[in-house]
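For reference, the chains in residue letters:
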2 protein chains.
Amino acid sequence: MKAVEIIARKRDGISLSKSEIDFFLNSYIKGSIKDYQMSSLLMAVYLNGMSDDETVWLTEAMVDSGDKIVFPIPDDIYVDKHSTGGVGDKVSLILAPLVASCGARVPMLSGRGLGHTGGTLDKLESIPGFRTDLTLDEFRIGVEKIGCVITGQTENIAPADRLMYALRDVTATVESIPLICGSILSKKFAAGPRGLVFDVKCGNGAFMKDIESAGNLSRNLIRISKLMGRNVRALITDMNQPLGSAAGNLLEVLECIEFLRGFWQDDLYNVTMELGAEMLTLAGIESGRQQAIRLLKSKLEDGSALRKFQEMVEYQNGDFSGLFDRGKTPRARYIVDHKANQDGYLQRYSTYEVGRLVIELGGGRMTKEDLIDPAVGFKFYKKIGDEVSVGEIIAEIYARDKGLANDIDKKLYRYIEIGEDRPNIPEFIKERLG
Amino acid sequence: MKAVEIIARKRDGISLSKSEIDFFLNSYIKGSIKDYQMSSLLMAVYLNGMSDDETVWLTEAMVDSGDKIVFPIPDDIYVDKHSTGGVGDKVSLILAPLVASCGARVPMLSGRGLGHTGGTLDKLESIPGFRTDLTLDEFRIGVEKIGCVITGQTENIAPADRLMYALRDVTATVESIPLICGSILSKKFAAGPRGLVFDVKCGNGAFMKDIESAGNLSRNLIRISKLMGRNVRALITDMNQPLGSAAGNLLEVLECIEFLRGFWQDDLYNVTMELGAEMLTLAGIESGRQQAIRLLKSKLEDGSALRKFQEMVEYQNGDFSGLFDRGKTPRARYIVDHKANQDGYLQRYSTYEVGRLVIELGGGRMTKEDLIDPAVGFKFYKKIGDEVSVGEIIAEIYARDKGLANDIDKKLYRYIEIGEDRPNIPEFIKERLG
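Residues numbered from 1 in each chain as written. Chains lettered and ligands numbered in written order. Predicted model: local features only at pLDDT ≥ 70, side-chain atom pairs only at ≥ 80, totals over all residues. Heavy atoms only, no water.

1. Topic: the packing of helix 5 (residues 91–101) of chain A against helix 13 (residues 289–301) of chain A
All names here are of chain A. For the pair helix 5 and helix 13, interaxial distance at closest approach is 9 Å and the crossing angle is 105°. Taken together, the axes of helix 5 and helix 13 lie roughly perpendicular to each other. On helix 13, the residues that touch L98, V99 and S101 of helix 5 are L296, K299 and L300. Grouping the amino acids of the contact of helix 5 with helix 13 by side-chain chemistry returns four nonpolar, one polar and one charged. (Axes fitted to C-alpha atoms, helices over the stretch in contact; angles between N-to-C directions. Helix = DSSP H or I, 4+ residues; strand = E, 2+ residues; numbered from the N terminus. Parallel < 35°, antiparallel > 145°, perpendicular 65-115°, else oblique. Contact = heavy atoms within 4.5 Å. Nonpolar A, V, L, I, M, F, W, Y, C, P; charged D, E, K, R; others polar.)

2. Observations concerning helix 10 (residues 211–227) of chain B
Residue and element names in this part refer to chain B. In a regular helix each residue adds 1.5 Å, so 17 residues correspond to 24 Å; helix 10 covers 24 Å between its end C-alpha atoms and thus fits that length. Among the residues of helix 10, those classed as buried are A214, G215, L217, S218, N220, L221, I222, I224 and S225. Residues of helix 10 that are buried in the fold lie against helix 4 (52–63), helix 9 (177–190), strand 4 (195–202), strand 5 (231–238) and strand 13 (429–433). Its side-chain oxygen placed 3.2 Å from the backbone nitrogen of E212, D210 serves as the N-cap of helix 10. Positive backbone phi, at 80°, marks G229, one or two positions downstream of helix 10. (Expected span 1.5 Å × (residues − 1). Buried < 20%, exposed > 50% of the residue type's maximum accessible area, 1.4 Å probe, protein only. Polar contact = N/O pair within 3.5 Å; in protein donor to acceptor, adjacent residues only side chain to side chain.)

3. Re the interface of chain B and chain A
Counting residues at the interface gives 22 residues for chain B, matched by 22 residues for chain A. Summed over the shared surface of chain B and chain A, the number is two salt bridges. With a closest N to O distance of 3.5 Å, R11 of chain B and E175 of chain A form a salt bridge. Among the secondary structure elements, those contributing two or more residues to the side of chain B that touches chain A are helix 1 (3–11), helix 3 (35–48) and helix 8 (159–170) of chain B. (Salt bridge = Lys/Arg side-chain N within 4 Å of Asp/Glu carboxyl O.)

4. Topic: the nonpolar core
Ranked by internal contacts, the top residues of the largest apolar core, which has 79 residues, are V99, F309 and F378 of chain A. Here the element with the most residues in this core is helix 12 (residues 266–282) of chain A; it accounts for nine residues. Those residues in contact with F309 of chain A that lie beyond four places of it in its chain are L93, P97, I127, I257, L260 and F320 of chain A. Core analysis: the next-biggest nonpolar cluster, separate from the first, contains 78 residues, A100, M279, L282 and A292 of chain B among them. (Core = buried A, V, L, I, M, F, W, Y, C linked by side-chain atoms within 4.5 Å.)

5. Some remarks on the relation of the copies chain B and chain A
For the match of chain B to chain A, the screw axis carries a shift of 0.0 Å, the RMSD comes to 0.1 Å, and the turn is 180°. Both chain copies can therefore be described as sitting about a two-fold axis. No C-alpha of chain B approaches the rotation axis more nearly than that of Y36 of chain B, which lies at 1.9 Å. In this assembly, 100% of the residues forming the interface of chain B have copies in chain A that are likewise at the interface, indicating an isologous arrangement. (Least-squares fit on C-alpha atoms with pLDDT ≥ 70 in both.)

6. What to know about the sheet that holds strand 9 (residues 377–380) of chain A
Either a parallel or an antiparallel arrangement is found when strands of a sheet pair, and the pairing is made through backbone hydrogen bonds. All names here are of chain A. Strand order in the open sheet made by the four strands is 6-9-11-7, with antiparallel pairing throughout. Here the strands that pair on one side only, and so sit at the sheet edges, are strand 6 (246–247) and strand 7 (334–339). Of the strand pairs in this sheet, strand 9 and strand 11 (residues 393–399) are connected by four bridges, and their pairing is antiparallel. Each residue of the ladder has a partner; that of G377, found in strand 11, is Y398. Sheet contacts for helix 15 (residues 351–363): strand 6, strand 9 and strand 11; angle to strand 9, the most-contacted strand, approximately 135°. (Pairing = 2+ DSSP bridges.)

Here you go:
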């Protein structure tokens, strides 16, 4: 089999066979197929697409390129959630312990923030001592013992994806449905969950701007996952404003703890509970959505979910009480209020730009090497549709530098719009699929 | 300007600007744009094409990526020929001195054989001592002094093409009209000719199998060249049988000398004279085809063309008389006759396969590193349409090994077909364009 002939077939719109895809991926991992050949194939895939069979084979080959975690039966209780990413999306931090406190097991491998979205690992690392570099044994044992673990992928989880993703990023081949499916599913399924719920974000702070593209991605993820024998569902959820109230690593962790103590924003609550209900039904723990939500509520109310969060943090070497100790968890030096400059209703967030401002504050990365300041970010006190009066605080800016904070304050006037008419409030859950 | 954004534009079918193409090529040469980004762009170009403007800018950027030769005025007399390659295509060796003996100047940079076609440099190197590695100064001075030089490209003639071609070869992006135009024209125009005639081979021994694809390539080469301000024409010539009588490096050189002495096969004669006539009219030496052919004939008849060939060989350090000295020019050890096994007419050559047999004999390269045996190859005594009787010699096989020669003899029965009906004889010149 020759690499160039496989590229030529995809170039000519011919479907590749399982053995061709296996050969290409294996040779690429071994180094006998080069980056420049992979990037050429990726562009051909971008432009000519892949059939479902091809996408399944690609994903399986990516899973098989590295370590795989296998949990003992009964395997339905192993469930995970994947979000396509947004601003203020701290759902994983709440959901994993909440669902685990209901009896499911959540083996969650997460990533870091890049671009305008935050990363779950970056958020968790604002907890003093928290380890996101567990070994696969520590990961597996923690899932069995605690019920949930959130850690980073090791180098050898779906290494084909790591190499391919780095290449796609610099060769304009990121936005390809089969390649996105392969990338998302290979990493998730390598970690061993049987069930998976997709939180496909949709709106001006998401990669999918409209319901059509979000629906298209969701349907593809579901179809490919089912062909791979997994139990999956998808929710398309709103990302036209930051989710919940905080954006920024430590601020989001603290918001999660508030949530687990019973204080929440409606949007974050609804999205979390609906995703949790899907996970519990996929896990076979409850048979319907209403029962599942009832169980989730009870675990919030009786404090089990918060205790599970603390257990997880401590299993991963985190200092839970240190989170509330200024000596151990640095706070931002400056907090500047962003105030309404007119009366009216909050009309619109430019959510993508708000996400970029978090990075500008130092709370995210411009390049992979950048260090993150966990303390910076935003707290938003108004959501779309809220009434505001001149001088009222819309948001707080947490910054390390006063000039920067003032600068960001000015920019926010462009990105948070106030107007006279009462706007439509976005629906939290736009669509359920699967 | 960012590489990934330029790739994305071409991927999305948007035309690139001159500054984008210049940036991409220059950055690639400097190494800040990587092979994997170039190969991704090449695949996008393959699938989405390029406008004429883009192709011109690409070609100019490729020319500008290295050394360029500039000849003094009057520049119309500097003319060259490019062949798309075939089996037994030794036209350059005759044409350069023939046209130079008529007063034109032929600055010819040639390549080596790879695939099933022979290479002009490989043929010339069967002349003892012949140098194909002239410096650009030696090249330019030789063109001015002798009237013609045939040498290899230096490393720094269109280096972008060298790098891109190597990449295209292993990423399934060879057969793209704009990329082919860029590759052919950048190398040719960097050598300084004002006029250029294309010999676009067409048939089962050519890269273009049918008249439509040959016509399409010809029209593109002509259009792009004219946009670049050059005088060009194209002939589409037959490649359904080996051109002339020999295929194999030394055998072809000896056939050229026979030609220059007045002995030739009709097909080789016609193709050479028609290409020569185009070159002389492009050079402004004759105003019409008939006068040009008359002049070419006279230079063949009075021995000027042969003398010019000898001058060129000697300028390039070649031992002309050594060619006829078995002590200096090794001959093949075995010559095996391939004889007709039935009466009838020669119907068909499988020309591509015959070209591959030359390589099998040792007369070409499987990989770039292979050494060539100059002495091996074929002499064909029958052309399509010739009558043959059982036992008559169709071809001679020149080999270094008797077993191999017998093996090739058997294979030739598949590749040279004899049948009862008188076949149509292919036209030597299929189309004239420009």
